[in-house]
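Overview (structure and organization)
Listed below, chain by chain, are the residues.
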Amino acid sequence: MKNMAVAIVNAAFTALFLIAISAPAQAADYAGPLFDAHLHYNVEAWDGQSGPHPPSDVLARMQKSGVRAIVSNSRPNDGTKLLVASPQARQAGVTVVPFIRLYRNRADYDSWFKDESIFDMVQAELARGTAAGPYRGIGEFHLYDSANANGAVAAKLMALAEEKELVVLAHVDDAAIDLLMANTPSKGQKARLIWAHTGIGGASVERVDTLLQRYPGLMGELSYRPGLTCAASDGPERLCPVWRALLLKHPTRFLIGSDTWINPRWQAYEGTMQGYRAWLGELPSEVARAIAWGNGARLFGMNPWRNESGACHHRQPQEKCHESTVSTRCTTRPLFHACGRCAKVSGLACLDRAGTAHALVLPRAMENH
């Protein structure tokens with residue numbers, strides 16, 4: 001009987017071992033900081049701060065989700081100004097990167113590209129700035145017909161964005177990407193554009209790859225992206241193989257976003273961010289961190305090596321601090337601060353108007369912030 005019991009136990013352990021080695025490994029979710037590069041705080045969310053999602057609510061959702069920075073663009077721009085000025089943003093550890101949205105109301109969606117009053121509004125907002133300093137970008141804007149990328153105001157805004165070193169957030173198809181870039185002085189070689197949803201219409205992976213290679217400042221934002229994830233029989237959706245390959249090929253060119261364009265997206269915010277964490281966990285750790293945080297941080301001159309608690313870690317020994325400050329001509333500028341006491345942030349660089357690379361050095365006044 002004793003021998004039989006031992007045999008049964010051994011058989012059970014053998015079966016469990018075989019099951020373990022034959023089952024596909026379930027990767028751990030990504031646990032680092034997140035940069036939400038596509039966020040709206042529209043009037044129906046806050047409505048004079050008496051709406052269903054006042055600043056305290058949305059910032060608590062970000063904090064709970066591990067979101068440490070956001071690109072905020074709102075209809076009208078008052079929502080972004082509200083977040084920027086909120087002391088709760090600092091308390092929550094959330095850096096707000098303000099963009100000028102082109103929509104004063106829903107009617108502007110269909111005509112902004114030819115409406116000179118929109119161009120005047122953008123210039124006025126740029127001159128006014130925000131409580132946190134200058135605006136860092138323009139958008140999100142929509143083009144339901146790609147030909148409207150050649151509208152008079154659309155063309156002027158693309159040229160203005162490159163001239164002022166602003167990032168553009170555009171909800172457009174792949175044909176419009178080419179047209180918008182053609183309207184910049186550099187023909188897209190110096191323009192910085194976040195492609196909302198990396199083409200919500202479902203441009204092929206091959207076409208996305210071509211555009212990323214054609215335009216060095218093009219970034220793909222991944223909310224609502226068709227074909228990004230595939231159903232899995234043994235759990236949550238996983239990255240589709242073709243998209244995994246593209247992310248690995250261009251690890252510095254993708255961003256994540258919530259696209260809180262309607263209030264139900266706020267109510268699902270934590271779930272949306274957790275969904276990103278799940279498939280990011282399937283990628284090599286450095287690639288996951290780049291897409292989740294580092295690419296957005298670099299784009300806006302923040303420290304890409306900030307950790308999930310808001311503190312810093314450095315891949316290499318920190319370099320000696322420099323006495324000089326970053327050139328005001330550089331395309332990469334810090335928002336509020338970089339981590340660490342040293343003024344130099346390792347691994348970052350900026351380009352002057354001549355295209356020369358310079359190490360990014362922060363003003364000494366910002367060292368201890």
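Let me sum up the structure you'll find in this document.

1. A closer look at the pattern of salt bridges
- Following the criterion strictly, the structure yields 14 salt bridges and no others.
- Between aspartate 57 and arginine 61 there is a salt bridge, and its shortest N-O distance comes to 3.0 Å. Here aspartate 57 pairs with arginine 61, and both are found in helix α3 (residues 55–65), just 4 residues apart, close to one helical turn.
- When the shortest N-O distance is used, the salt bridge between arginine 128 and glutamate 125 registers 3.5 Å. With arginine 128 and glutamate 125 both in helix α6 (residues 116–128) and 3 residues apart, this pair spans about one turn of that helix.

2. Concerning helix α4 (residues 78–85)
- Within α4 the residues assigned to the buried category are Gly79, Thr80, Leu82, Leu83 and Val84.
- In this fold, the buried residues of α4 make contact with β1 (34–39), α2 (43–46), α3, β2 (67–72), α5 (87–92) and β3 (95–100).

3. Some points on the state of the cysteines
- Taken as a whole and judged by the stated rule, the model has 1 disulfide.
- Note that cysteine 230 is cross-linked by a disulfide to cysteine 240, the S-S spacing being 1.8 Å. Handedness here is read from the sign of the S-S torsion; for cysteine 230 and cysteine 240, about 120 degrees, the answer is right-handed. Pair noted here: cysteine 230 is in strand β8 (residues 229–232) and cysteine 240 is in the loop between β9 (235–239) and α10 (241–249), with a separation of 10 residues, a long-range link.
- We classify cysteine 230 as partly exposed; its relative accessible area is 30%.
- Taking the relative accessible area as the measure of exposure, cysteine 240 reaches 6% and is therefore buried.

4. Side note on the packing of aromatic side chains
- According to the stated counting rule, one finds 10 aromatic pairs in the structure shown.
- Taking 6.1 Å as the distance between ring centres and 85 degrees as the angle between the ring planes, the aromatic pair formed by tyrosine 41 and tryptophan 266 counts as edge-to-face. Of this pair, tyrosine 41 sits in the loop between β1 and α2 while tryptophan 266 sits in helix α11 (residues 263–267), and the two are 225 residues apart along the sequence.
- Given the relative accessible area of 0%, tyrosine 41 is considered buried.
- The exposure class of tryptophan 266 is buried, given its relative accessible area of 0%.

5. What about the environment of glycine 32?
- By the secondary structure assignment, glycine 32 is in the loop between α1 (2–22) and β1.
- Overall, glycine 32 belongs to the buried group, its relative accessible area being 6%.
- Along the chain, glycine 32 and alanine 292 lie 260 residues apart, while their C-alpha atoms are 7.8 Å from each other.

6. Observations regarding a nonpolar patch on the surface
- Residues Ile200, Tyr224 and Trp261 make up a contiguous nonpolar surface patch of about 290 Å² in total accessible area.
- Within the element layout of this structure, tryptophan 261 appears in the loop between β10 (254–255) and α11.
- Among the residues examined, tryptophan 261 registers a relative accessible area of 41% and is labelled partly exposed.

7. Details of the sheet that holds strand β4 (residues 137–142)
- Sheet architecture is open: 8 strands sit in the order β1-β2-β3-β4-β5-β6-β7-β10, paired in parallel fashion. The open sheet has two edge strands with one neighbour each: β1 and β10.
- Pairing of strand β5 (residues 167–171) with strand β6 (residues 192–195), which is carried by 4 bridges, proceeds in the parallel orientation. Paired with leucine 169 across the two strands is isoleucine 194, which belongs to β6.
- Seen against the sheet, α3 touches β1 and β2 and runs at an angle of roughly 135 degrees to β2.

8. Brief notes about the nonpolar core
- Grouped together as the largest cluster of nonpolar side chains are 93 residues, with contacts concentrated most on Met62, Trp112, Phe141, Leu193, Trp279, Leu280 and Ile291.
- Sort the elements by how many residues they give to this core and helix α13 (residues 285–299) lands first, with 7 residues.
- Ignoring anything within four residues of it in the chain, the contact list for leucine 280 reads Tyr30, Leu34, Ala288, Ile291 and Ala292.

9. A few points about unusual backbone geometry
- Look at the link from arginine 75 to proline 76: it is a cis peptide, with omega at -10 degrees.
- Of note, the bond from glycine 139 into glutamate 140 is cis; its omega dihedral lies within 30 degrees of zero at 5 degrees.
- Within the secondary structure layout, glutamate 140 lies in strand β4.
- Positive phi, normally seen in glycine, also occurs at aspartate 259, with a value near 50 degrees.
- In this fold, aspartate 259 is placed in the loop between β10 and α11.

Rules behind the numbers
Residues numbered from 1 in each chain as written. Predicted model: local features only at pLDDT ≥ 70, side-chain atom pairs only at ≥ 80, totals over all residues. Heavy atoms only, no water. Salt bridge = Lys/Arg side-chain N within 4 Å of Asp/Glu carboxyl O. Helix = DSSP H or I, 4+ residues; strand = E, 2+ residues; numbered from the N terminus. Buried < 20%, exposed > 50% of the residue type's maximum accessible area, 1.4 Å probe, protein only. Contact = heavy atoms within 4.5 Å. Disulfide = S-S within 2.5 Å. Phe/Tyr/Trp six-rings, centres within 6.5 Å; stacked < 30°, edge-to-face > 60°. Patch = residues over 30% accessible without salt bridge, like charges linked within 9 Å, V, L, I, M, F, W, Y side chains within 5 Å. Areas by Shrake-Rupley, 256 points an atom, 1.4 Å probe, with all protein chains shown as cover. Pairing = 2+ DSSP bridges. Axes fitted to C-alpha atoms, helices over the stretch in contact; angles between N-to-C directions. Core = buried A, V, L, I, M, F, W, Y, C linked by side-chain atoms within 4.5 Å.

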